[in-house]
Amino acid sequence: MSDVAVWFDLDGTLLAFDDYGAVVEHACVEMGIDPTDAFLEAYYDRFFDAFRNYHPDPFRAGVERAVMATGSYVDAVAFVDTIREAEFDAAKVPEAVHDALAELEAADGVALGVLTNGLEEWQRGKLEANELLGYFDATLTSYEVGRHKPAPEVFARAEKLLPADEHVMVGDDDEADVAGARERGWRAIHVDGPESVGDAVARIR
Ligand SMILES: [Mg+2]
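Owing to the predicted nature of the structure, the values given are computational and were not obtained by experimental measurement.

For the domain arrangement of the protein, give the residues involved together with the corresponding values.
The domain boundaries assigned to the protein delineate domain 1 (2–16 + 92–204) and domain 2 (21–90). Between the C-alpha centres of domain 1 and domain 2 there is a distance of 27 Å. Taken together, the contact pairs 15 residues of domain 1 with 15 residues of domain 2. For the pairing of domain 1 and domain 2, the buried interface totals around 1,200 Å² over both sides, and the portion due to carbon and sulfur atoms is 61%. Considering only the surface of domain 1 that becomes buried against domain 2, Trp122, Tyr143 and His148 emerge as the three largest contributors, covering 51% of it. Put simply, domain 1 and domain 2 have two salt bridges between them.

How would you explain the pairing of strand β1 (residues 2–8) if you had to name every residue and give the values?
In terms of residue burial, β1 counts as a mostly covered element, since six of its seven residues are buried. Of the strand pairs in this sheet, β1 and strand β4 (residues 164–171) are connected by six bridges, and their pairing is parallel. Note that in β4 the partner of Trp7 across the bridge is Met169.

Go over the coordination of the magnesium ion with me, naming the residues and quoting the values.
Protein coordination at the magnesium ion: the donors are Asp9 (OD), Asp11 (O) and Asp172 (OD), at 2.2 Å from the metal. Residue Asp11 is classed as partly exposed on the basis of its relative accessible area, which comes to 27%.

Give a description of helix α8 (residues 152–161) that names residues and reports values.
For α8, the full list of buried residues reads Val154, Phe155, Ala156 and Ala158. Considering only its buried residues, α8 is in contact with β1, β2 (110–116), β3 (138–141), α7 (142–145), β4 and α9 (174–183).

I'd love a proper account of the packing of aromatic side chains, names of residues and values included.
Enumeration according to the criterion identifies 15 aromatic pairs in this entry. Arranged with centres 6.0 Å apart and planes meeting at 20 degrees, the rings of Tyr44 and Phe48 form a pair that is stacked. With Tyr44 and Phe48 both in helix α2 (residues 37–52) and four residues apart, this pair spans about one turn of that helix. What links up through ring pairs into an aromatic cluster is the set Tyr43, Tyr44, Phe47, Phe48, Phe51, Tyr54, Phe59, Phe88, Trp122 and Tyr143. If you follow Arg84 out to its NZ or CZ, it ends over the ring of Trp122, 5.9 Å from the centre.

Summarise unusual backbone geometry; cite the residues concerned and give the values.
Trans peptide bonds make up most of the peptide bonds, and negative phi angles are found at most residues other than glycine. With an omega dihedral of 10 degrees, the bond running from Lys149 to Pro150 counts as a cis peptide bond. Summarising the element assignment, Pro150 is placed in the loop between α7 and α8. Of note in the backbone geometry, Tyr54 takes a positive phi value of approximately 60 degrees without being a glycine. Looking at the secondary structure, you find Tyr54 in the loop between α2 and α3 (58–70). By relative accessible area, Tyr54 is classed as partly exposed at 25%. For Glu131, which is not a glycine, the phi torsion comes out positive at approximately 55 degrees. The residue Glu131 is located in the loop between α6 (120–129) and β3 in this model. Given the relative accessible area of 64%, Glu131 is considered exposed.

The rules behind these values
- Residues numbered from 1 in each chain as written.
- Predicted model: local features only at pLDDT ≥ 70, side-chain atom pairs only at ≥ 80, totals over all residues.
- Heavy atoms only, no water.
- Domains from an automatic or database assignment.
- Contact = heavy atoms within 4.5 Å.
- Buried area = accessible area lost by both parts, 1.4 Å probe.
- Salt bridge = Lys/Arg side-chain N within 4 Å of Asp/Glu carboxyl O.
- Buried < 20%, exposed > 50% of the residue type's maximum accessible area, 1.4 Å probe, protein only.
- Helix = DSSP H or I, 4+ residues; strand = E, 2+ residues; numbered from the N terminus.
- Pairing = 2+ DSSP bridges.
- Donors = N, O, S within 2.8 Å, 3.2 Å for Na, K, Ca; no water.
- Phe/Tyr/Trp six-rings, centres within 6.5 Å; stacked < 30°, edge-to-face > 60°.
- Lys NZ or Arg CZ within 6 Å of the ring centre and 35° of its normal.

Structure, rendered in structure tokens:
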């Protein structure tokens, strides 16, 4: 049992994306498809609907819908691989995030976790690709729980993974991270992005 378990959101908290919208557009261009408004709208509509409903592959569902809506042809599996590559490439981690996590990791009585809305394999893959996975004692994605933050079930599962006297959530989303954590009786610290993770960590200690 730790004194404190500190949980970090992933996208927009540990990882910065200058322009997430560019990820799918970039994948279109790579696959030889014109990223028209009609294609992107069909993709995102279906993607978000599938994601909200824990579809096993919301990316593929989005691509298939966009292809159908626009009469374009593309290999959906190859397209999803390309989106993944583009998303992984677009994610940036400032050195300050590594410094803050290393400091917490070395502190006594502190356990570290990642609590993220997303697919297990993608989110863990992004942590690994950015050399972040090693700092953490646990990772938990909403897909594993079958509920997205701010649902209390996600935070309850996290408490079981890292038993601690106190749980702290650090995240960039007022609803999913901050309100969800407080509802469960956790402390929550809002960050504007990876650049403010250092300040957030300083407030924990
Ligand atoms: Mg976020």
